[in-house]
Amino acid sequence: MGIDLAGSIVPGPRPDWYDVPPGQAAPLLTVLASTPLAAVPGVQIVEDKRRKSLRIFIHRSHLPLLEHGVCYARPHAVCSIATAASAWRPLPRQVEGALFLRTRRGAALIWEMRLGKTPAALLAHDLSDGPLAIVCPPDVRAVWEAWVPKVFPGVEPVVLEGRTFSKKYATAPVVILHYHILQAWQSLKPARTIFDEAHVLSNARAEWTGAALGLATRSGAVNLLTGTPVWNQPRGLFPLLQLVNPGAWGTKTIFGQRYCGWRLGERVKKDTVTNAEELGKRLSEVVNVLSWADVGSSPDIERSVVKIALTPGQHEEIDLLAHTAFVAGDGKGSTIGAMGRLRKILGKVKAPVAMEEAKKVLSAGKSIIVWTWHRETAEQIGRALWKDASTDVGAVFIVTGDDTQAERAKRFAQWKACCTHRPSVLVLTIAVGQAGIDLSAADTEIFAEQDFTPAVLGQAEMRPYSPLRPTYAKYIVTDHWIDDKTIEALQRKEQFGQLLGLSAGGKMVGALSQGRDSDGDVGAIIRAMRGEAT
């Protein structure tokens, strides 16, 4: 039987923290001591020496856990979302998402792509509260520039470009800046900060992650937007949660031991999801998750896999090249780096097949997008298609990480323009085209190579999506163990997301996984190539 604390849990001195009054602290402590909650970060038990009593401060992420043992009145802030007089009207889900952000000091919208999280986040802000800062990658800046005047008529955002601080721009109603210059604008003190594509902050060691943390501490409210925060391992959640809920999740080590399966004394920490149910409930209070399935719809994407059956000679040749690559590199480097070199070798085998598949689409009079992981593979495919006299192609554009932001935008625009006259090809590396761009001028895409991370592939896959027609995604894979291990990594990371209700691309990973079941330990294979004992 729960303890009746209705009306006794009240907002504490810190935003999103709640205070259990002295008279109720002792009985609640008894309940906490009998549950795992007592060992969870985000519960602070303080001895009030003056009153000779205990006080408990609870972060709001614990409210769902208390429901099983404690009765209380959920203390939500009372607010409403007022829409400005404009032609744009928000969808009901966008109003609900805005309310979720508005009633919390720190919260995140984890919505699948094209569900409208950008205007929902803007709707959560009231300009009378003070300035709004929007931090995003350069690729998505134009999206925010277009939406700000729609949600706030008459307001034009100020785009911060350089690294020299200006008080004039810093006090504008709405400012937009990208992560690379965030360190130079640490004097900003916005009423609300929105971090878009927040998954880029999952690396705690990155310079912009530290800069983002500094800006978050000076902001009245902090909101994160992303398609999925789990890009590699569960530990990637910690920097994001630290931004929106400072102090609620403990230190990185405490978080790792509680939720990532870390053990004391381990030199190399490998993540597994532990206490998943508890973590999922806590996240539900500060993270609003929305998928296409939740809104009763699903993007019309037809996926297919082209499987290349390598000959014994090709297997032997690739393995020999892989061995040579290790010898040339003295067998040094991480397993991830080693896999990257091996995948580059395999990319040369996939490129001709990707070109043949692209030619089939072009012969049908349609434009095509070809995704690669390596710059060399993109250049190999693009140049070969352009030189192929049998291919009726209007133009071929290649976009890689070597191109500047301005060059990328120019080529994307040129490709779209060419698509209106003749079938054209856009070949690009996954890293530069996975977010914030509209490639719906083509309805067919080919993945000549894959990334290790479901969210990366999922974001790229959605770039040509249009609700007006189907999208066709084709993946090129081989029966070599290099591809087997890439797909196994995708499966493992997708499982992390599913455990926490943060799936990044289950259908896409499922399509790739068909018939892909290999034996052996990639670590053992790599060690053998390095000449190490196994």
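Residues numbered from 1 in each chain as written. Predicted model: local features only at pLDDT ≥ 70, side-chain atom pairs only at ≥ 80, totals over all residues. Heavy atoms only, no water.

1. Remarks on the state of the cysteines
Two cysteines joined by a covalent bond between their sulfur atoms form a disulfide. Heads up, the condition is: Disulfides are defined in this document as cysteine sulfur pairs within 2.5 Å.
Taken as a whole, this structure holds 0 disulfides when the rule is applied. Distance from the sulfur of cysteine 418, which forms no disulfide, to the nearest cysteine sulfur (cysteine 419) is 7.1 Å.

2. Focus on the environment of alanine 87
The following threshold applies: Strands here mean DSSP runs of E at least two residues long; helices mean DSSP runs of H or I at least four residues long; both are numbered from the N terminus.
Among the structural elements, alanine 87 can be located in the loop between strand 6 (70–71) and helix 3 (92–102). When the C-alpha positions of alanine 87 and lysine 150 are compared, they lie 7.8 Å apart, and in sequence the two are 63 residues distant.

3. So, the confidence of the model for the protein chain
Note the threshold: pLDDT is defined as a per-residue confidence score from the predictor, taking values between 0 and 100. Residue contacts follow a heavy-atom distance rule, with two residues in contact if any of their heavy atoms lie within 4.5 Å.
Taken as a whole, the protein chain shows an average pLDDT of 80; of its residues, 78% reach a score of 70 or greater. Across the protein chain, the element-wise mean pLDDT spans from 38 in helix 19 (residues 522–529) up to 96 in strand 11 (residues 192–195). In this model, residues 68–79 is a region of pLDDT below 50 whose contacts with residues beyond four sequence positions or in other chains number 34 contacts. For the stretch residues 517–534, pLDDT sits under 50, and the model shows 30 contacts to residues farther than four places along the chain or on other chains.

4. What about the pairing of strand 16 (residues 396–399)?
Which entries qualify depends on this criterion: Whether two strands pair comes down to DSSP finding at least two bridges between them. Here is how to tell: hold the view so the strands point away, follow the path from the first strand over the helix to the second, and if it runs clockwise the crossover is right-handed.
Bridge analysis of strand 16 against strand 17 (residues 425–429) gives 4 bridges, and the strand direction is parallel. Looking at strand 17, one finds that isoleucine 398 is bridged to valine 427. The parallel pair strand 16 and strand 17 is bridged by helix 14 (residues 405–419), and the resulting crossover is right-handed.

5. Brief notes about the packing of aromatic side chains
What counts here: Two aromatic rings from Phe, Tyr or Trp, using only the six-membered ring of Trp, form a pair when their centres are within 6.5 Å; if the ring planes differ by under 30 degrees the pair is stacked, by over 60 it is edge-to-face, and anything between is tilted. Exposure classes here rest on a 1.4 Å probe applied to the protein chains alone. A residue is buried below 20% of its type maximum, exposed above 50%, and partly exposed in between. Placement of a positive charge over a ring is assigned whenever Lys NZ or Arg CZ falls within 6 Å of the ring centre and within 35 degrees of the normal to the ring plane.
All chains considered together, the criterion is met by 8 aromatic pairs. Between tryptophan 249 and tyrosine 259 the ring centres are 6.3 Å apart and the planes differ by 65 degrees, which places this aromatic pair in the edge-to-face class. Here tyrosine 259 lies in helix 9 (residues 252–259) and tryptophan 249 lies in the loop between helix 8 (237–244) and helix 9, a separation of 10 residues in the sequence. Judged on exposure class, the residue tryptophan 249 and its partner tyrosine 259 are both buried. Both rings, one in phenylalanine 447 and one in tyrosine 475, keep their centres 4.6 Å apart while their planes meet at 10 degrees; by these two values the pair is stacked. Of this pair, phenylalanine 447 sits in strand 18 (residues 444–447) while tyrosine 475 sits in strand 19 (residues 471–478), and the two are 28 residues apart along the sequence. Tyrosine 475 carries the same exposure label as phenylalanine 447, and that label is buried. Ring pairing ties together the aromatic residues Phe238, Trp249, Phe255 and Tyr259, which thus form one cluster. Residue placement shows lysine 150 over the ring face of tryptophan 147; its charged tip is 4.6 Å from the ring centre.

6. Description of the pattern of salt bridges
Rules: Criterion for a salt bridge: a side-chain nitrogen of Lys or Arg within 4 Å of a carboxyl oxygen of Asp or Glu.
All chains considered together, the criterion is met by 20 salt bridges. With a shortest N-O distance of 3.4 Å, glutamate 356 and lysine 359 are connected by a salt bridge. Of this pair, glutamate 356 and lysine 359 both sit in helix 12 (residues 335–363), 3 residues apart, which is roughly one turn of the helix. Across the pair lysine 366 and aspartate 443 runs a salt bridge, and its minimum N-O distance is 3.2 Å.

7. Concerning the packing of helix 7 (residues 207–217) against helix 8
Threshold: The convention used is that axes are lines fitted to C-alpha atoms, helices contributing only their stretch in contact, and that angles between N-to-C directions extend from 0 to 180 degrees. In this scheme, roughly parallel covers angles under 35 degrees and roughly antiparallel covers those over 145, while 65 to 115 is roughly perpendicular and the rest are oblique. In this classification, the charged set is Asp, Glu, Lys and Arg, the nonpolar set is Ala, Val, Leu, Ile, Met, Phe, Trp, Tyr, Cys and Pro, and all remaining amino acids, among them Gly, are polar.
Across the interface, helix 7 lies against helix 8 with an axial gap of 9 Å and an inter-helix angle of 20 degrees. One way to sum up the angle between helix 7 and helix 8 is to call them roughly parallel. Residues Thr209, Ala212, Leu213 and Ala216 of helix 7 touch helix 8, and the partners they reach there are Pro239, Gln242 and Leu243. Here the residues of the contact of helix 7 with helix 8 sort into 5 nonpolar, 2 polar and no charged.

8. Observations concerning empty space enclosed by the protein
The condition that has to hold: The definitions used throughout rest on a 1 Å grid laid over the protein atoms alone, on which a cavity is an enclosed set of points accommodating a 1.4 Å probe that cannot get out and a pocket is an open set flanked by protein within 12 Å on both sides along at least five of seven lines; lining residues are those having an atom within 4 Å of a point. Grid points are joined across faces, edges and corners, and a volume is the space filled by probe spheres set on the points.
All chains considered together, the criterion is met by 2 cavities of 30 Å³ or more. In this structure, the second largest cavity encloses a volume near 40 Å³. If you trace the second largest cavity, you find it lined by Arg343, Leu346, Lys350, Glu449, Gln450, Ile482, Asp483 and Thr486. Going through the elements one at a time, helix 12 and helix 17 (481–499) are the ones with two or more residues in the lining of the second largest cavity.

9. Quick look at the nonpolar core
Cut-off, in case you're wondering: Among buried residues, the Ala, Val, Leu, Ile, Met, Phe, Trp, Tyr and Cys ones that are joined through side-chain atoms within 4.5 Å form a nonpolar core.
Counting residues in hydrophobic clusters, the biggest one holds 59 residues, and the most contacted among them are Trp144, Leu428 and Leu439. At 4 residues, helix 4 (residues 117–123) tops the list of elements feeding residues into this core. Once residues within four sequence positions are removed from consideration, leucine 439 is found in contact with Ile369, Trp371, Phe412, Trp415, Leu426, Leu428, Arg463 and Pro464. Counting residues in hydrophobic clusters, the runner-up holds 40 residues, among them Trp17, Leu182, Leu215 and Leu240.

10. Description of helix 9
Buried within helix 9 are the following residues: Phe255, Gly256, Arg258 and Tyr259. On its buried side, helix 9 packs onto helix 8 and helix 10 (276–286).

11. A word on the layout of surface pockets
Estimates place the volume of the second largest pocket at around 570 Å³. Together, 25 residues line the second largest pocket, and Met113, Arg114, Thr118, Val143 and Arg463 are the ones closest to its centre. Counting residues per element, the ones that place at least two in the lining of the second largest pocket are helix 4 and helix 5 (141–151). The leading source of residues in the lining of the second largest pocket is helix 4, at 3 residues.

12. Notes on the sheet that holds strand 16
Strand order across the open sheet formed by 6 strands is 14-19-18-15-17-16, with parallel pairing between neighbours. Looking along the sheet, the strands with just one partner apiece sit at the ends: strand 14 (301–308) and strand 16. The average angle at which neighbouring strand axes cross in this sheet is 15 degrees, direction not considered. Across the sheet, helix 14 is in contact with strand 15 (368–372), strand 16 and strand 17; its angle to strand 16 comes to roughly 155 degrees. Against the sheet, helix 16 (residues 454–461) contacts strand 14, strand 15, strand 18 and strand 19, and its axis sits at roughly 150 degrees relative to strand 18.

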